[in-house]
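Remarks on the overall topology
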Amino acid sequence: MKNVLTVALGVTALAFTASVASADTLSDVKAKGFIQCGVNTGLAGFSAPNDKGEWTGLDVDFCRAMAAAIFGDGTKVKFTGLSAKDRFTALQSGEIDVLSRNTTWTVNRDTALGLNFAGVTYFDGQGFMINAKKLPGVNSALQLSGAAVCVQAGTTTELNLADYFKANKMEYNPVVFEKFEEANAAYDAGRCDAYTTDQSGLYAVRLQMSAPDDHVVLPEIISKEPLGPAVRQGDDKWLDIAKWTYYALLNAEEAGITQANVEEMKNSENPDIKRILGVEAETKIGTDLGLDNAWVVNIIKATGNYGEIFERNVGSGSPLKIARGINALWTKGGLQYGMPIR
Amino acid sequence: MQEHDLSWVRTEMALAQAAPRSEVGPLAWARKSLFATPVDSALTIIAALALAWALPQMLNWAFFNAVWSGADRTACLTTEQGGFLPAGWTGACWPFIDARLGYFTFGRYPVDERWRVILCGAIFLALLVPLLTPRAPFKRLNAILFFAVFPFIAFFLLLGGYFGLPYVETPLWGGLMVTLVISYVGIVTSLPLGILLALGRRSKMPIVKLLSVIFIETVRGVPLVAVLFMASFMLPLFVPPGMTFDKLLRALIGVALFSSAYMAEVIRGGLQAIPKGQYEGADSLGLGYWQKMGLIVMPQALKLVIPGIVNTFIGLFKDTTLVLIISLFDLLGTVKQSISGDPTWATPQTAKTGYVFAAAVFWIFCFSMSRYSIYMERRLDTGHRK
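In this text the structure is predicted, and so the values were computed from the model without any measurement. (Residues numbered from 1 in each chain as written. Chains lettered and ligands numbered in written order. Predicted model: local features only at pLDDT ≥ 70, side-chain atom pairs only at ≥ 80, totals over all residues. Heavy atoms only, no water.)

**Considerations on the interface of chain A and chain B**
- On the chain B side, the residues contacting the 39 residues of chain A number 34 residues.
- Around 3,100 Å² of area is buried between chain A and chain B when both sides are counted, 58% of it from carbon and sulfur atoms.
- Of all residues in chain A, the largest losses of buried area upon contact with chain B belong to D51(A), L207(A) and Q208(A), amounting jointly to 17% of the total for that side.
- Our count for the chain A to chain B interface comes out at 3 salt bridges.
- In this structure, K247(B) engages E95(A) in a salt bridge whose closest nitrogen and oxygen atoms are separated by 4.0 Å.
- For the interface between chain A and chain B, the tally reads 8 residue pairs in polar contact (both at pLDDT 80 or more).
- Elements represented by at least two residues in the side of chain A that touches chain B include exactly α1 (2-17), β2 (48-49) and β4 (77-82) of chain A.
- Broken down by class, the residue content of the side of chain A that touches chain B amounts to 17 nonpolar, 13 polar and 9 charged. (Contact = heavy atoms within 4.5 Å. Buried area = accessible area lost by both parts, 1.4 Å probe. Salt bridge = Lys/Arg side-chain N within 4 Å of Asp/Glu carboxyl O. Polar contact = N/O pair within 3.5 Å; in protein donor to acceptor, adjacent residues only side chain to side chain. Helix = DSSP H or I, 4+ residues; strand = E, 2+ residues; numbered from the N terminus. Nonpolar A, V, L, I, M, F, W, Y, C, P; charged D, E, K, R; others polar.)

This is the structure:
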């Protein structure tokens, strides 16, 4: 129902704004001097204000990277905290220039809602967590037949859960909660055998458990949740900038360019690195994008490469300690593949 | 007439004796108030048991077992959770509040500019306290400063962009500051607007009356959440792109109009309680409409409905939490956001600690308002006591 409402709202939004939405976001952004970026109001590791009130997180850093690519300054970005309901309207109405709010890339959103996705900054998927002390010997979701599962109401999570158990001909008993914290508390108190939400969320939930080490995230991923930044349809130039900011972050990691060594790397003899950093003679890569030729240098100086962003916000440098897994580079067995910059 | 022989006439008052033991002292009080009937006794015992069961747990959690200092989540974790506290420990995690206090108070207001909010708060208090103290002089000047001048001071000081102060846009405002700004604006506009609407609704002029009734009934008939939602998500679709209305401004207008409609009905209740003789008396003195209302009717009516007015204020204060719907972060919003979004402090105790803190802050404000209203009622109670 919520989904239907979102679609209806989004379609209305499209109908009203298709004619008026500006087709040249880059000029508008340059004129106003900053990017307006829509983020989650509070999702551990992805976007949340820190103690000083500055936004931090993986989704937040993507917007900073874009700001650095355009202005050479990662601070020229303003953030709008958005709920799941209002995120698409905000993008359609021009209130924000880019939506970087753990949004799953689906065909419906790409077409009917009029978005264009720039890439997948985090491959997520719905998973299960169980209390290993309570259910010893369970190491696969297929052994959860008859289990009571804690789940948040009104989300696609709930639907995926039903689909999965139906497809595998298993019985289950959903214990549905309106709020995230309620579901956490109920699971921690032992009211359910298993807890289901996106895997990145499971790690955050585990931090709040009274005995985190007893809880195990099961290997099965029952849905694909490719999360990435999105822009409005109908502005290819702006989409290119979002897309290539993402690829630049990946290529920098692949080439070993980091926040610390980016200045040294400029003197590298490696032609790939020279191309990426825009120090090749008569390069036009940056200017063809409508940016400065030092755009990648600016991005890396502001946020570091993709690996650094990942580790700082959700990986080993954060309390979440999420492993790279499928978010590793393609060279290391993951799915992150940066299109060549040349 | 026959004279009686009065053999003894008492010439002085009997000496007062101490009350019997059974009527004074804590025991007698307990018997009278707590154990007067079997039902009373049962209720007392049940209540005492409930307190004895709950109170130590609450005190232990909030004070004796609580953690008071620490740099991150490990301070509030037990050994099995990766910290140093004994297994099975539960207690409040106060360093979470300490670390985030600035965020809870100012939201994302730039750290270097926060002195402006503090200064604004200080001016607010310096004007409010004498205004609420009956003995303090210069009431008229004080009221003008508080209701008419202070909003401008606050506007320029908080928003900036003038007199060399950097501009701080409202999306950066948050926390307790937003709660207080919305409440102040709501309270200061709803009382005069409410009085006008109440008078309008009782007016003999048909158009004024009709408009007042339509306004009050329309606003009261729609949930505040729905209005905030519409203003936030639908409005941008109907105006040209790039043209944005300030979210905080939308919330302020919504809350102010809402509380005015409720206030109008509270005050109308007071107006209805004033006997007709008061109106006639004022008319017979030759007073005009505004003189009659201002000098005779309103002072009595307002005094009667102080509890209702303060009730509306308290409701308004707590309704400010609804602005979370339009992604404005008031005190409760910032607490919620920190619980779900800050992995540095993610522990089993963080959510409880955060909500208890928010509840305590709201309680302090609402309880103070309530006590002050009781004080004012007693002070103004000049003739209706039974």
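There is more to say, and it comes next.
**Remarks on the pattern of salt bridges**
- Applying the stated criterion across every chain yields a total of 22 salt bridges over all chains.
- Its salt-bridge partner being E280(A), residue R275(A) comes within 3.6 Å of it at the nearest N-O pair.
- One salt bridge connects R220(B) with E265(B), and the closest N-O pair in it is separated by 3.7 Å. Linking R220(B) in helix α7 (residues 206-221) with E265(B) in helix α9 (residues 247-272), this pair joins segments that are 45 residues apart in sequence.

**Some details on the nonpolar core**
- In this structure, I35(A), W238(A), I257(A), L277(A) and W295(A) are the most contacted members of the largest nonpolar core, which totals 60 residues.
- If you count residues domain by domain, this core takes at least three from each of domain 1 (16-123 + 226-332) and domain 2 (126-223) of chain A.
- What I257(A) contacts, discounting residues up to four positions off in sequence, is A252(A), V262(A), M265(A), I273(A), I276(A), L277(A), I300(A), N305(A) and E308(A).
- One finds L127(B), L172(B), V255(B) and V323(B) within the second-largest nonpolar core, a separate group that totals 36 residues. (Core = buried A, V, L, I, M, F, W, Y, C linked by side-chain atoms within 4.5 Å. Buried < 20%, exposed > 50% of the residue type's maximum accessible area, 1.4 Å probe, protein only. Domains from an automatic or database assignment.)

Purely geometric stuff here, so don't read any function into it on its own.
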